[in-house]
Every structure is written in structure tokens, then in C-alpha cells.
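Residue-level listing of the chains:
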Amino acid sequence: MSEGTMQRRAQREQQSGQRVKRLRRVLVCAAAVPVMLGAAGCSSDSGSDDGKDKGSGASASKSASPSPTVQAAAYRTLPEACGVLSKKTLEDLAPKAKSGKQGSSDDVSTRASCSWNSLDNNGVKGSQFRWLNVSLLRFDSDTTRGAGDKLAKDYYDKQVRDAQATEGAQGAKAEPVTGTGDEATAVRYDLKKKEGTFKQQTVVVRVENVVVTLDYNGAGLAGDKTPSADDLMKDAQKAAREAVTSVTKANGPGGDAGSPSQSASRAPSASASQAASDQG
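Notes on the structure in this doc start here. Note that this is a predicted model, so its numbers are computed, not measured.

1. Here we look at the overall build of the protein chain
Link 1 in the chain: Looking only at helices and strands, the protein chain has five helices and seven strands in total.
Link 2 in the chain: Order of helices (α) and strands (β) in the protein chain, N terminus to C terminus: α-α-β-β-β-α-β-β-β-β-α-α.
Link 3 in the chain: Looking at the 280 residues of the protein chain, the share that counts as buried comes to 38%.
Link 4 in the chain: In the protein chain, the proportion of contacts linking residues at least 24 apart, taken out of those at least 6 apart, comes to 63%.
Link 5 in the chain: For the protein chain, the computed accessible surface area is about 16,200 Å², with 51% contributed by carbon and sulfur atoms.

What follows is the structure, given as C-alpha cells:
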């Protein structure tokens, strides 16, 4: 075999080997294509499912969002205003008062008041005048305006400020009162009138979602001596504590009182809202 023939055979074998290698690569790639397509298909399905899950999860989260709530007010009613003070207390503070005069109200379960006038006429020796008034205002919890005790707190603060800012008040002083309700403040001042000097005592008390305002004043008329402001204040604070006790008893030992576990999404009391506006 000549050298040229051997060289051509070697070239053909080399070319044949290269064709075999190329064929193997084509077969390997062809076999890999279904696997890649399958993987791509799974990836696409997974993405689609994730989108659905995310969408449904967001929808479920949105539908499960809780509606606004607020803790129920502790007290749901008020006592009869003219009955909050005992007969003994009324005899001490307003001895000549025949009966209490109940104030007007469109809903006595949210707003009530009663007043007593007493004039002890001693003829030429003069007279002793006393005026006593008890006002009760109850606030319901409301999802828009807030919890009943918070609304009562705001009104309590306003009552204290208003008492100190009474027109014509002289020497107004305010001091905290202990042992009465959740918080209490006493305000005292003098009012000079043509009949004489009136010693005014105002005790404002908040107990839960109810505000009790007790006004008590006295004067010596027609030359009679002016009563002691300290004595009047002691009587006023005693009566205020009694009124608070009446509010608590009217709601029972947890009977009618609200519970945090109960729904507090009730509509606000129109009477209480109006009362705050009227007395503001």
C-alpha cells in the first residue's frame, strides 16, 4: 500500500470519527430537550399556583380584618336623680326643702338632675338660704368617639374648668377630693349679690363612664350671718360620695354593668351626646 493511499485512509477515518462525535452530541442534546421542557413546564405551573395562592391569601386576609371595637361602658343606667341622697342628708343640707325638683331630660338613663331650695326664715333676725343641685351624665362607648370612661373623663375636665371660670366668681379655688369615685375635684368661690354673699361649693366626680356634678351654696340673708364655706364644703363632699354610691347601686354588683367581653359596638347615646352639647 502506497504512502498516499495510507494517508487518505487516515483522513477518512479521522473524518468518520468526527462525524460519530457530532452525532453523539446531537443525540445527547435531543434527549435533554424533553427534560428541559418538562422543567420549564413545572416552573410555569408553579408560578401560576403561587399567584393564585397569593391572591386568595390576600382576599382571605382582607375579609378577616376585624371591625373596630371599643370596650363596653361599665354603667348602663342612672339612678332616679331626686332619690340619690338620703332623707338625713337632705335634712342636713336643705332642711326647709319640701321636695326635689327634677330637671327635664329626654332620656333619664343618660341624663338626670334634681334640685332643692331651702329658706329658713327667722323674721327680723334674717334668713339662711341653701340651694342644692345634683346632675348626672352617663356616656356610652362608641366606635367613632371612643370608650365611655374616656368621654366621661373629657366632660369631667370641662366641668371643673367651667366651675372655676364662673362669671362673677371671687377667690375661686380648686382642690382634689380623695375617696370619691375614680377622680373628684372640689371648686369653691364667692358670689356677691344684692341679697348677700353666696358661698358656692361645686364637687365634680367621675365614676367609670358617669359624671356627677353637685352644686351647693348658702347665704345669710337680711342681715343673718354668712355660713362657713368649710362647713358647706364638708357637706357637699359627703353628698357627692352618697350620689356616687347611688350610681353604683343602680347598676348592681356586676349585674347591669357592662363587661369587656360584651360587644361595645352599640350606637352612641343621642341623649348623652346632646346633654354634653347642651351643658357645654
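2. Considerations on the pattern of salt bridges
Link 1 in the chain: As enumerated under the stated definition, the model contains 10 salt bridges in all.
Link 2 in the chain: As a salt-bridge pair, Arg138 and Asp140 come within 2.5 Å of each other at their nearest N and O atoms.
Link 3 in the chain: Since its relative accessible area comes to 14%, Asp140 is described here as buried.
Link 4 in the chain: The partner of Lys150 in a salt bridge is Asp154, with the nearest N and O atoms 3.1 Å apart.

3. Comments concerning the state of the cysteines
Link 1 in the chain: Under the criterion given, the structure shown has one disulfide.
Link 2 in the chain: Each sulfur of the disulfide joining Cys82 and Cys114 lies 2.0 Å from the other. What sets the handedness of the Cys82 and Cys114 disulfide is the S-S torsion sign, and at about 95 degrees it is right-handed. Of the two residues, Cys82 sits in the loop between helix H1 (3-63) and helix H2 (87-93) while Cys114 sits in strand E2 (residues 111-121), which places them 32 residues apart along the sequence.
Link 3 in the chain: In this structure Cys82 comes out as partly exposed when scored by relative accessible area, which is 21%.

4. Side note on the packing of aromatic side chains
Link 1 in the chain: Tallied over the entire structure, the rule returns two aromatic pairs.
Link 2 in the chain: With a centroid separation of 5.9 Å and 75 degrees between ring planes, the pair formed by Phe129 and Phe198 is classed as edge-to-face. Of this pair, Phe129 sits in strand E3 (residues 127-138) while Phe198 sits in strand E6 (residues 196-207), and the two are 69 residues apart along the sequence.
Link 3 in the chain: Aromatic side chains Phe139 and Tyr155 sit 5.7 Å apart centroid to centroid with 50 degrees between the ring planes, which places their arrangement in the tilted category. Of this pair, Phe139 sits in the loop between E3 and helix H3 (148-164) while Tyr155 sits in helix H3; the two residues are 16 residues apart in sequence, bridging distant segments of the chain.
Link 4 in the chain: With a relative accessible area of 5%, Tyr155 lands in the buried category.

5. A word on the nonpolar core
Note that soluble globular proteins tend to have their nonpolar side chains buried in a common cluster.
Link 1 in the chain: Ranked by internal contacts, the top residues of the largest apolar core, which has 33 residues, are Leu85, Trp116, Leu132, Val134 and Val212.
Link 2 in the chain: For this core, the secondary structure elements donating two or more residues are H2, E2, E3, strand E5 (183-193), E6, strand E7 (210-221) and helix H4 (229-250).
Link 3 in the chain: Per-element accounting of this core gives the leading share, eight residues, to H4.
Link 4 in the chain: Setting aside anything within four residues of it in sequence, one finds Val212 in contact with Val134, Ser135, Leu136, Val203, Val204, Val205, Ala243, Val244 and Val247.
Link 5 in the chain: Ranked by size, the runner-up nonpolar core spans 17 residues in total, among them Ala152, Val187, Leu191 and Leu221.

Conventions used here
Residues numbered from 1 in each chain as written. Predicted model: local features only at pLDDT ≥ 70, side-chain atom pairs only at ≥ 80, totals over all residues. Heavy atoms only, no water. Helix = DSSP H or I, 4+ residues; strand = E, 2+ residues; numbered from the N terminus. Buried < 20%, exposed > 50% of the residue type's maximum accessible area, 1.4 Å probe, protein only. Contact = heavy atoms within 4.5 Å. Areas by Shrake-Rupley, 256 points an atom, 1.4 Å probe, with all protein chains shown as cover. Salt bridge = Lys/Arg side-chain N within 4 Å of Asp/Glu carboxyl O. Disulfide = S-S within 2.5 Å. Phe/Tyr/Trp six-rings, centres within 6.5 Å; stacked < 30°, edge-to-face > 60°. Core = buried A, V, L, I, M, F, W, Y, C linked by side-chain atoms within 4.5 Å.

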